[in-house]
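Residue-level structural notes
Now for the letters of each chain:
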Amino acid sequence: MQTYSVEILKPKDFKLLKDLADLELISIKKEKSIKQNVTDFQQLLLNGPTWNEEEYQEYLKNRKAINSIGKI
């Protein structure tokens, strides 16, 4: 399986993707905006000294995402 990010330029075009999803040819998942992810990451870093295991795993996931930006 391959994952791609798609930006919808015209809202009417989303119907085409929805039709493909209805045929179970693709899966559509809504993602947080990059700005929201950055804000969450900043908050997580500010709370760093008090991290629990779940928060630490979230930090690692965000760090991996940031390090992969620009890589194909």
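Residues numbered from 1 in each chain as written. Predicted model: local features only at pLDDT ≥ 70, side-chain atom pairs only at ≥ 80, totals over all residues. Heavy atoms only, no water.

1. Digging into the overall build of the protein
- Secondary structure summary: the protein contains three helices and zero strands in total.
- For the protein, the N- to C-terminal ordering of α and β elements is α-α-α.
- Of the accessible surface of the protein, which amounts to about 7200 Å², a share of 57% is contributed by carbon and sulfur atoms. (Helix = DSSP H or I, 4+ residues; strand = E, 2+ residues; numbered from the N terminus. Areas by Shrake-Rupley, 256 points an atom, 1.4 Å probe, with all protein chains shown as cover.)

2. Quick look at the pattern of salt bridges
- Counted by the stated rule, this structure contains three salt bridges.
- For the salt bridge of Asp22 with Lys18, the shortest nitrogen-to-oxygen distance reads 3.0 Å. Of this pair, Asp22 and Lys18 both sit in helix α1 (residues 14–22), four residues apart, which is roughly one turn of that helix.
- Judged by relative accessible area, which is 39%, Lys18 ranks as partly exposed.
- The residue Lys61 makes a salt bridge to Glu58 at a minimum N-O spacing of 3.6 Å. Note that Lys61 and Glu58 are positioned in helix α3 (residues 53–67) at a spacing of three residues, about one turn of the helix. (Salt bridge = Lys/Arg side-chain N within 4 Å of Asp/Glu carboxyl O. Buried < 20%, exposed > 50% of the residue type's maximum accessible area, 1.4 Å probe, protein only.)

3. Here's the deal with a nonpolar patch on the surface
- Among the surface-exposed residues, Tyr4, Val6, Ile8, Phe14, Leu20, Leu23, Leu25, Ile26 and Ile28 lie close enough to one another that they form a single nonpolar patch of about 870 Å² accessible area.
- Structurally, Leu20 can be placed in helix α1.
- Residue class for Leu20 comes out partly exposed when judged on its relative accessible area of 34%. (Patch = residues over 30% accessible without salt bridge, like charges linked within 9 Å, V, L, I, M, F, W, Y side chains within 5 Å.)

4. Focus: the confidence of the model for the protein
- When pLDDT is averaged along the protein, the result is 78; 82% of the residues meet or exceed 70.
- When pLDDT is averaged over each helix and strand of the protein, the minimum, 69, is found for helix α2 (residues 34–46) and the maximum, 89, for α1. (pLDDT = per-residue confidence, 0-100.)

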